[in-house]
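Architecture and fold: a report
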Amino acid sequence: LGLWLLAYLPTLGMNALPIYLAMAINLAAFFVACMVCHGELARRQPHPSRLTGYYLMLAVGGVVGGFFVGVVAPYGFNSNYELSIGIVLTGLVAALAVFRTVTFAQPLRRLLSLLATLAMLLVLVGIRIHDHQEETAGSEVTRRNFYGTLQVFHNPEAGYRSMYHGQIIHGRQFSAADRLDWPTTYYGPDAGAGKALQIKAAQGPMRVGVIGLGVGTLVSYGRAGDYFRLYEIDPLVIEIAQQNFSYLARTAAKTEIILGDARLQLEREPAQAFDVLVVDAFSGDSVPIHLLTREAFAQYVRHLKPDGVLAVHITNRFLDLRPVITTAAAQLGQQVRLVDVDGDSDRLTFHSVWALLSSDAAFFSHPGLVTATTPVLQKSFSPWTDDYSSLFSV
């Protein structure tokens, strides 16, 4: 039952179950699987004279398993197959272990038990294969590396192409020639980053930093004379943005892509004097906390002009990052406002929440922001630092 739950849960949509229920089912099923496997392993502990070899084989197993998950799977598979392999192998190993200890009164019972066990294992295999076929059906690109699985889907009927990281949409672009430059998803003209870029663009040429490339949507706001410095840690994202989407190729602005961890790159660089710095790395289920600490925000502010704007994308299905942002802003003397806007399906824009930080009071008094932003109530919250953070608090 536990293995069936582990096999079936990934077939559900991300919002099919409340997050706490999904976590509870996952952890309970893993607990059962681990208890069975460890219990059978302990039951087979040999005579003390052979314990050296016993523990050596446990260590070898850990090394082999770690190498498979950490090296073979990310670079040998084009999607996340190791969970499926683990589920099926766990069922097989448990069945073999149990069968060795059971005595059957009649050969027929042994045969029926064997057939029933094989049938259950085949059901597990069928569920996982079908799920993987559904995941990759219709994809133009399915590739994977250390940072995860990326897929590109083209929907000709709806007229757009999308890039997914796991189940999270990381970019979308219209196919029609007259809409290729429309900013979509979380970056529409009414969203926080869009408003900040439009306001700064009206003041003259912009110097913009972007942490998290996606498909390059934000460069659609660029004009001749503008400069966009784009930080991206995943080389596969850069490759797909350049080959499968045209935002980067079509923009009139000068663009430069910096490969590497944005925090480390910013620490090494002299102050970039950005008019706008966009931090967009928190929409998935694996949040890079080192980009949310007080020390990270100090780097962001260092790279801004005195009247510069920091736009932080905090739309997230699982985490409420507002107290993290507001606490860091207060400690750095920055004003902060939220831009929470609904999506527009005709323009392919999504509901988004952005936090805009700036020490320039005139920026927040701009007519385009006065009615679009809301102040954030400062609550008692322990600031995240490089030495402390707590996901439970958010």
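When its secondary structure is counted, the protein chain shows 13 helices and 12 strands. Along the three orthogonal principal directions, the C-alpha set of the protein chain runs to about 85 × 50 × 35 Å. Considering only intrachain contacts with a sequence separation of at least 6, the fraction spanning at least 24 residues in the protein chain is 65%. When the accessible area of the protein chain is evaluated, it comes to approximately 20200 Å², of which 61% is carbon and sulfur surface. Of the side chains in the protein chain, 29 bear a positive and 31 a negative charge, and the two mean positions are spaced by 7 Å.

Counting 42 residues, the largest nonpolar core has L218, I240, V278, W354, L356 and F363 as the members making the most contacts within it. Once you skip the residues sitting within four places of it in the chain, W354 turns out to touch Y186, Y187, A191, G192, A193, V278, A311, V312, H313, R337, L338 and V339.

Taken together, the side chains of F67, V71, V72, Y75, F146, Y147 and I233 define a hydrophobic patch exposed on the protein surface, amounting to about 670 Å² of accessible area. By the secondary structure assignment, V72 is in helix α3 (residues 51–76).

Between helix α2 (residues 19–43) and helix α4 (residues 82–99), the shortest axis-to-axis distance is 10 Å and the interhelical angle comes to 40 degrees. When the axis of α2 is compared with that of α4, the two are oblique. For the pair α2 and α4, the sense of crossing is left-handed. Together, F30, A33, V36, C37 and E40 of α2 and L83, T90, A94 and A97 of α4 make up the contact between the two elements. Of the residues assigned to the contact of α2 with α4, the class counts are seven nonpolar, one polar and one charged.

On to the sheet that holds strand β1 (residues 139–145), then. Taken together, four strands build an open sheet; the order of strands is β1-β2-β3-β4 and the sheet is antiparallel. On the outer flanks of this sheet lie β1 and β4 (168–174), each paired with one strand and no other. Between one strand axis and the next, the sheet turns by 15 degrees as a mean value, whatever way the strands run. Pairing of strand β3 (residues 160–165) with β4 involves six bridges; the strand directions are antiparallel. Bridge assignment links R161 to a residue of β4, and that residue is Q173.

So, about helix α10 (residues 294–302). Residues of α10 that are buried include every one of A296, F297, Q299 and Y300, and no others. For α10, the arc enclosing every buried residue in end-on projection is 155 degrees, short of the 170-degree limit, so these residues lie on one face.

A few words now on the packing of α4 against helix α5 (residues 107–136). Two elements in contact, α4 and α5, have axes whose closest approach is 9 Å; the angle formed by their N-to-C orientations is 175 degrees. In this view, α4 runs roughly antiparallel relative to α5, as classed from their interaxial angle. Across from S84, I87, V88, G91, L92, A95 and F99 in α4, the residues of α5 making contact are R110, S113, L114, T117, L121, L124, V125, R128 and H132. Looking at the contact of α4 with α5 residue by residue, the classes come out as nine nonpolar, five polar and two charged.

Attention now moves to the packing of aromatic side chains. Counted by the stated rule, this structure contains 14 aromatic pairs. Taken together, a centroid distance of 6.0 Å and an interplanar angle of 75 degrees make the contact between F68 and F77 edge-to-face. Among the residues examined, F68 registers a relative accessible area of 27% and is labelled partly exposed. By the ring-pair criterion, three or more aromatic residues cluster together here, those being Y186, Y187, F350 and W354. Sitting over the ring of F364, R337 keeps its end group 5.0 Å from the ring centre. Here the guanidinium or amino end of R347 rests over the ring plane of W182, the centre of that ring lying 4.3 Å away.

One pass over the structure, following the stated rule, counts 15 salt bridges. Close ionic contact of E40 with R43 constitutes a salt bridge, the shortest N to O distance being 2.7 Å. Residue E40 and its partner R43 are located together in helix α2, separated by three residues, close to a single helical turn. The closest approach of N and O atoms between E267 and R263, which form a salt bridge, is 2.8 Å. In this pair, E267 and R263 both sit in helix α9 (residues 262–268), four residues apart, roughly one turn of the helix. Residue E267 is classed as partly exposed on the basis of its relative accessible area, which comes to 37%.

Thresholds, definitions, all that
- Residues numbered from 1 in each chain as written.
- Predicted model: local features only at pLDDT ≥ 70, side-chain atom pairs only at ≥ 80, totals over all residues.
- Heavy atoms only, no water.
- Helix = DSSP H or I, 4+ residues; strand = E, 2+ residues; numbered from the N terminus.
- Contact = heavy atoms within 4.5 Å.
- Areas by Shrake-Rupley, 256 points an atom, 1.4 Å probe, with all protein chains shown as cover.
- Lys, Arg positive; Asp, Glu negative; His and termini not counted.
- Charge placed at Lys NZ, Arg CZ, Asp CG, Glu CD.
- Core = buried A, V, L, I, M, F, W, Y, C linked by side-chain atoms within 4.5 Å.
- Buried < 20%, exposed > 50% of the residue type's maximum accessible area, 1.4 Å probe, protein only.
- Patch = residues over 30% accessible without salt bridge, like charges linked within 9 Å, V, L, I, M, F, W, Y side chains within 5 Å.
- Salt bridge = Lys/Arg side-chain N within 4 Å of Asp/Glu carboxyl O.
- Axes fitted to C-alpha atoms, helices over the stretch in contact; angles between N-to-C directions.
- Parallel < 35°, antiparallel > 145°, perpendicular 65-115°, else oblique.
- Left-handed = near helix turned anticlockwise from the far one by under 90°.
- Nonpolar A, V, L, I, M, F, W, Y, C, P; charged D, E, K, R; others polar.
- Pairing = 2+ DSSP bridges.
- Arc of directions from axis to C-beta.
- Phe/Tyr/Trp six-rings, centres within 6.5 Å; stacked < 30°, edge-to-face > 60°.
- Lys NZ or Arg CZ within 6 Å of the ring centre and 35° of its normal.

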